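# Examination of the molecular architecture
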Amino acid sequence: MLKQVDYLIIGQGLAGSLLAWELIQRNYKVHIIDQQQENASQVAAGLINPVTGMRLVKNENIETLLPCAKQQYQALSHFFKNSFYQEKTLLRIVRNDKELKKYQQRLQEPSYLDFLNTELQTPSPELIAPLGLIQQKQTGTLDTVPLLNQLKDFFQKKQCYQATTFDYQDLSLENDLSWQGIHAKKIIFCEGYQAINNPWFQYLPFQLAKGEILSFRSDIPIIPQMLNYGRWFIPSPNQQFRIGATFENNVIDTLPTEKAKNDLIATLHKIYPSIKSAQLTNHQANIRPTTLDKAPFIGQHPKHKNLYIFNGFGSKGSLKIPFYSQHFIDYLADNTPLDKRVDINRVI
Ligand SMILES: Cc1cc2nc3c(=O)[nH]c(=O)nc-3n(C[C@H](O)[C@H](O)[C@H](O)COP(=O)(O)OP(=O)(O)OC[C@H]3O[C@@H](n4cnc5c(N)ncnc54)[C@H](O)[C@@H]3O)c2cc1C
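Residues numbered from 1 in each chain as written. Predicted model: local features only at pLDDT ≥ 70, side-chain atom pairs only at ≥ 80, totals over all residues.

### Structural notes on the site of the ligand
Quick note on the threshold: Near, for a residue, is defined by distance from a backbone-placed C-beta atom to a molecule or strand, with 6 Å as the limit that must not be exceeded. Helix and strand labels come from DSSP, where a helix needs a run of H or I of at least four residues and a strand needs a run of E of at least two; each type is numbered from the N terminus. Polarity classes work like this: nonpolar for Ala, Val, Leu, Ile, Met, Phe, Trp, Tyr, Cys and Pro, charged for Asp, Glu, Lys and Arg, and polar for all others, with Gly in that last group. Each domain's extent is set by a domain assignment, obtained either automatically or from a database.
With respect to spatial proximity, 41 residues lie near the ligand, and among them Gly 11, Gly 13, Gly 192, Gly 211 and Gly 317 are the closest. Among the elements of the structure, α1 (14–25), β2 (30–34), α2 (40–43), β14 (209–217), β19 (279–288) and α7 (317–334) are those that each provide at least two residues to the shell around the ligand. Among the residues forming the shell around the ligand, the class breakdown is 17 nonpolar, 20 polar and four charged. Residues lining the shell around the ligand come from more than one domain, with at least three contributed by each of domain 1 (3–44 + 145–205 + 293–346) and domain 2 (87–141 + 207–288).

The structure is reproduced here in structure tokens:
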């Protein structure tokens, strides 16, 4: 194959896909390479939840990230005639008095009122939640598998997708970039956790985190809202639901384990005992591309100026990737400065 492109993109997870999509919208020529193994984006629940953690902290920059994500998913839904992002209510089970107090404090901060309902909810009879439920607002899920499949089809029809492993040794950095007959002005690596094998970017301080997730089908009706009880419960049509996810720092295998399965099931049964008869239909594991300072890794290699990385979206890819793909392309195309919090130049 002999081909000349503006951007060669390595990886067709959510990061590589949305970046390639946006570049094509702006009339750049791209070529995407993916080794077609189940990736973090396909395993992910796609949950978008603006307020997280024991201290109920609003995601930094949420006022920019969330509208951009919604707008991007809506545009993709419109283009592919398929609805990828579903707004769903999230009920957070109050676990202790400290959490209740924190919630009451947050209600005094006007910027939280867009994301937290001011009234505590009473649990339905199925749920064990003696301290009540906090109703979170502007929460939802991205259906990553159909979205990535449709984008892959789209790239294939444009003949800019290649299912193969990018072997780093085959890249020639002399004069212009070329890899197996493809000449590119720039390469953007979007390899998720496998960036740790990349000879040019493996110096970046990733702090990868394995996660496991279970899927079920129930014979009896299930509650329609998402739940957060330290873990999360996400209902989907036909009495199906997913629960997850475990979080293990620095474990980098993708093997499902009995321990994670038992932990996830036991925690669910404590707050939702009547769901015990549901049948397990899938158990998946993958690795989140998390970073030491929790911010993405975006930017140009310090020495090889035509090599770039777009990675490190941790456990919040669905929320962050739409905004940062546009921000990154503005930088690549128009030299708009990169946000210093995400620029890999922050790492010495
Ligand atoms: C269990 C679990 C639950 C999660 N839940 C959520 C959630 O609810 N909400 C949320 O927003 N995020 C969630 N995440 C995180 C989310 O998955 C990531 O933020 C996001 O998907 C990362 O996308 P990515 O494209 O960077 O990486 P990936 O999706 O891993 O994609 C990287 C791609 O690069 C390819 N690749 C790598 N090296 C090569 C090579 N040498 N040659 C060819 N191809 C290569 C891989 O095959 C892969 O297809 C979860 C993650 C896990 C593991």
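### Here we look at the sheet that holds strand β6 (residues 85–87)
To keep things clear, this is the line we draw: Paired strands, in this sense, are two strands between which DSSP finds at least two bridges.
On the basis of which strands lie adjacent, the open sheet formed by three strands has the order β3-β9-β6 and antiparallel pairing. Only two strands of the sheet have a single neighbouring strand rather than two, namely β3 (47–48) and β6. Relative to strand β9 (residues 140–142), β3 runs antiparallel, the two being bridged by two bridges. Paired with Ile 48 across the two strands is Gly 140, which belongs to β9.

### Quick notes on the pairing of β14
This is how the line gets drawn: To sort residues by exposure, count the other C-beta atoms lying within 10 Å of each residue's C-beta; 20 or more gives buried, 12 or fewer gives exposed, and values between give partly exposed, all with C-beta atoms placed from the backbone.
Of all the nine residues making up β14, seven are buried; the element is thus mostly covered by neighbouring parts of the structure. In this sheet, strand β18 (residues 248–249) lies alongside β14 in antiparallel orientation, the contact comprising two bridges. Each residue of the ladder has a partner; that of Ala 209, found in β18, is Asn 249. As paired strands, β14 and strand β17 (residues 240–244) are joined by five bridges and run antiparallel to one another. Directly across from Leu 214, in β17, lies its bridge partner Ile 243.

### Examining the nonpolar core
Rule in force here: By definition, a nonpolar core groups buried Ala, Val, Leu, Ile, Met, Phe, Trp, Tyr and Cys residues that connect through C-beta atoms lying within 7 Å of each other. Two residues form a contact once the distance between their C-beta atoms, set from the backbone, is within 7 Å.
By size, the foremost hydrophobic cluster in this structure holds 95 residues, and its most contacted members are Ile 9, Leu 19, Ile 188, Phe 189, Ile 298, Ile 309 and Phe 310. Both domain 1 (3–44 + 145–205 + 293–346) and domain 2 (87–141 + 207–288) contribute no fewer than three residues apiece to this core. Non-local contacts of Ile 9, meaning those with residues more than four positions away in its chain, are made with Gly 16, Leu 19, Ala 20, Val 30, Ile 32, Ile 188 and Cys 190.

### A closer look at the domain arrangement of the chain
For the chain, the assigned domains are domain 1 (3–44 + 145–205 + 293–346) and domain 2 (87–141 + 207–288). Spacing between the C-alpha centres of domain 1 and domain 2 amounts to 31 Å. Its residues assigned to classes, the side of domain 1 that touches domain 2 shows four nonpolar, three polar and one charged.

### Re the packing of α1 against helix α5 (residues 144–157)
We count it as follows: Angles shown run from 0 to 180 degrees and are taken between the N-to-C directions of axes, each axis being a line fitted to C-alpha atoms and, for helices, limited to the stretch in contact. Throughout this description, any angle smaller than 35 degrees is read as roughly parallel, any larger than 145 degrees as roughly antiparallel, any in the 65 to 115 degree range as roughly perpendicular, and the remainder as oblique. Take the far helix as your reference; a near helix turned counterclockwise from it by less than a right angle gives a left-handed crossing, and one turned clockwise gives a right-handed crossing.
Running from N to C, α1 and α5 cross one another at 45 degrees; their axes reach a closest spacing of 11 Å. Considering the angle they form, α1 stands oblique to α5. Viewed along their axes, α1 and α5 form a crossing whose handedness is left-handed. Note on element contacts: α5 touches α1 through Thr 144, Leu 148, Leu 151 and Phe 155, opposite Leu 14, Ser 17, Ala 20 and Trp 21. Of the residues assigned to the contact of α1 with α5, the class counts are six nonpolar, two polar and no charged.

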